[in-house]
Amino acid sequence: MKLAVRSLLAAALISASASAALAQTPATPPAASAPRPPLVVKPVKPGLFMIVGAGGNTTVRVTDDGIVLVDSKNPGQPIYDEIVADVHTISPKPIKYLVDTHIHADHTGNNGRFEAAGVKVVGQQNIPTELAKFVPPANNPTLQAPAAPNVTYDKTYEIKLGGKTVKLNHFANGHTNGDTVVYFPGLKVVSMGDELVAVTPNCDYGGGGSITGWLSSLDQTLKLDWDMAIPGHGDNPLTKADMKAFRDKWATFLDRAKAAVKAGATKDRLVAAIKTDDLWTFNPNAWTGARLDGLYAEAGGK
Ligand SMILES: [Zn+2]
């Protein structure tokens, strides 16, 4: 199975009980019978809002010439319509840009609808490459890959709109190989996608992720001048101290994995050999396939 295929498949395979711990993995839309709570708009700073619910968080940056969004939640016309309606309660200006923080469908689900509405969708250049490998899972054969961004970049990209600047950075392959850290220098805010979450993090090794790269990306982000971070999942903005603590927990996790391999842990015993109760609650069933292969390799396993 190819890389992104596995990552995109994960959603369909994760049970309802496991999905809470892995909320930042790609998600399929909720079943029609499950009532979805309305999205919640939260002011973060003057001119910047977050919209919580139905997948990853959406960031809304308002300028005099239009709106820049970051991430578009789970796929679905009702979710798209609600995002647009919520944005228009904030500002009557048109949505001009949508940034993808990474490939997962709970962040890119409505790319195609925004593109059809004339929005420029910007993402790191590995996203279309990975999307091209998509095949629907056997248990959800009608599932479609999100539309690819219609503007791509390699390392950095700058959006200038209404006198405001939004800086996109692909610092390293972290949560996936197509991560973007979005920096709003005028407001001292960063929007992190799943490189920063208020739930158990998940490194998508099948999608080219790496904890080592992830730590590098967070370290480079921590050097920027900001004081509020929008997490990919979690109901509220986080601080620089929160990000530093998150980074240190991931570093501890990787150090312990390396120590376990050095002490002789085999691949199938690796996750059980890592102490995690002071870090996050990991679902052991989540560590299979490419995810386990990737962790074992990154920890020095051969
Ligand atoms: Zn994700």
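Check the entry above for the structure.
The structure displayed is predicted, hence computed values, not measured ones. (Residues numbered from 1 in each chain as written. Predicted model: local features only at pLDDT ≥ 70, side-chain atom pairs only at ≥ 80, totals over all residues. Heavy atoms only, no water.)

This paragraph deals with the overall build of the protein chain. A count of helices and strands for the protein chain gives 10 helices and 12 strands. Taking as baseline every contact in the protein chain between residues at least 6 positions apart, the subset at least 24 positions apart corresponds to 66%. (Helix = DSSP H or I, 4+ residues; strand = E, 2+ residues; numbered from the N terminus. Contact = heavy atoms within 4.5 Å.)

Now for the sheet that holds strand β8 (residues 156-161). On the basis of which strands lie adjacent, the open sheet formed by 5 strands has the order β8-β9-β10-β11-β12 and mixed pairing. Each edge of the open sheet is held by one strand with a lone partner, namely β8 and β12 (228-230). Averaged over all neighbouring strand pairs, the angle between strand axes comes to 20°, with direction disregarded. Relative to strand β10 (residues 181-184), strand β9 (residues 164-169) is paired through 3 bridges, and the arrangement is antiparallel. Paired with Lys167 across the strands is Tyr183, a residue of β10. (Pairing = 2+ DSSP bridges. Axes fitted to C-alpha atoms, helices over the stretch in contact; angles between N-to-C directions.)

Attention shifts here to the nonpolar core. Membership of the largest hydrophobic core comes to 36 residues, with the highest contact counts inside it found for Ile211, Met243, Trp250, Phe253 and Leu295. At 9 residues, the largest contribution of residues to this core is made by helix α8 (residues 240-262). Setting aside residues no more than four positions away along its own chain, Trp250 makes contact with Pro201, Asn202, Cys203, Ile211, Trp214, Leu215, Trp280 and Phe282. Membership of the second largest hydrophobic core comes to 20 residues, among which are Val52, Leu161, Val182 and Val189. (Core = buried A, V, L, I, M, F, W, Y, C linked by side-chain atoms within 4.5 Å. Buried < 20%, exposed > 50% of the residue type's maximum accessible area, 1.4 Å probe, protein only.)

Here we take up the packing of α8 against helix α10 (residues 289-298). The N-to-C vectors of α8 and α10 enclose an angle of 80°; their axes lie 8 Å apart at closest approach. By the criterion of interaxial angle, the relationship of α8 to α10 is roughly perpendicular. Of the residues in α10, those in contact with Phe253, Leu254, Ala257, Lys258 and Val261 of α8 are Leu295, Tyr296 and Glu298. In terms of residue class, the contact of α8 with α10 is made up of 6 nonpolar, no polar and 2 charged. (Parallel < 35°, antiparallel > 145°, perpendicular 65-115°, else oblique. Nonpolar A, V, L, I, M, F, W, Y, C, P; charged D, E, K, R; others polar.)

Once that is clear, we can look at the pattern of salt bridges. Counted according to the given criterion, the structure contains 11 salt bridges. When the shortest N-O distance is used, the salt bridge between Lys133 and Glu130 registers 3.3 Å. Glu158 is paired through a salt bridge with Lys160; the nearest N and O atoms lie 3.4 Å apart. Judged by relative accessible area, Glu158 falls into the partly exposed class, the value being 42%. If you follow the salt bridges from partner to partner, you end up with Asp219, Lys244, Arg247 and Asp248 in one network. (Salt bridge = Lys/Arg side-chain N within 4 Å of Asp/Glu carboxyl O.)

If you trace the backbone, Lys167 turns up in strand β9. Sequence separation between Lys167 and Pro185 is 18 residues; the distance between their C-alpha atoms is 7.7 Å. Filtering out sequence-adjacent residues up to four positions away, Lys167 remains in contact with Tyr157, Glu158, Val181, Val182, Tyr183 and Pro185.

The sheet built from 7 strands is open, its strands ordered β1-β2-β3-β4-β5-β6-β7 with mixed pairing. Looking along the sheet, the strands with just one partner apiece sit at the ends: β1 (40-45) and β7 (151-153). Each neighbouring strand pair of the sheet contributes to a mean axis angle of 20°, computed without reference to strand direction. The strands touched by helix α3 (residues 77-90) within the sheet are β1, β2 (48-52), β3 (58-63), β4 (66-70) and β5 (95-99), with β2 carrying the most contacts at an inclination of about 150°.

This part is about the pairing of β2. With respect to burial, β2 is a largely interior element, 5 of its 5 residues being buried. Of the two faces of β2, the one holding Leu48, Met50 and Val52 and the one holding Phe49 and Ile51 are both buried throughout. Strand direction decides the pairing type here: β1 and β2, joined by 5 bridges, are antiparallel. Paired with Val40 across the strands is Val52, a residue of β2. Hairpin geometry of β1 and β2 is characterised by an intervening segment of 2 residues between the two adjacent antiparallel strands and by a positive phi of about 90° at Gly47. Note that β2 and β3 share 4 bridges and pair antiparallel. Across the sheet, the residue bridging to Leu48 is Arg61, located in β3. A loop of 5 residues connects β2 with β3, the two strands running antiparallel in sequence, and Gly53 in this loop sits at a positive phi of about 120°.

Everything listed here is a matter of geometry and, on its own, says nothing about what the molecule does.
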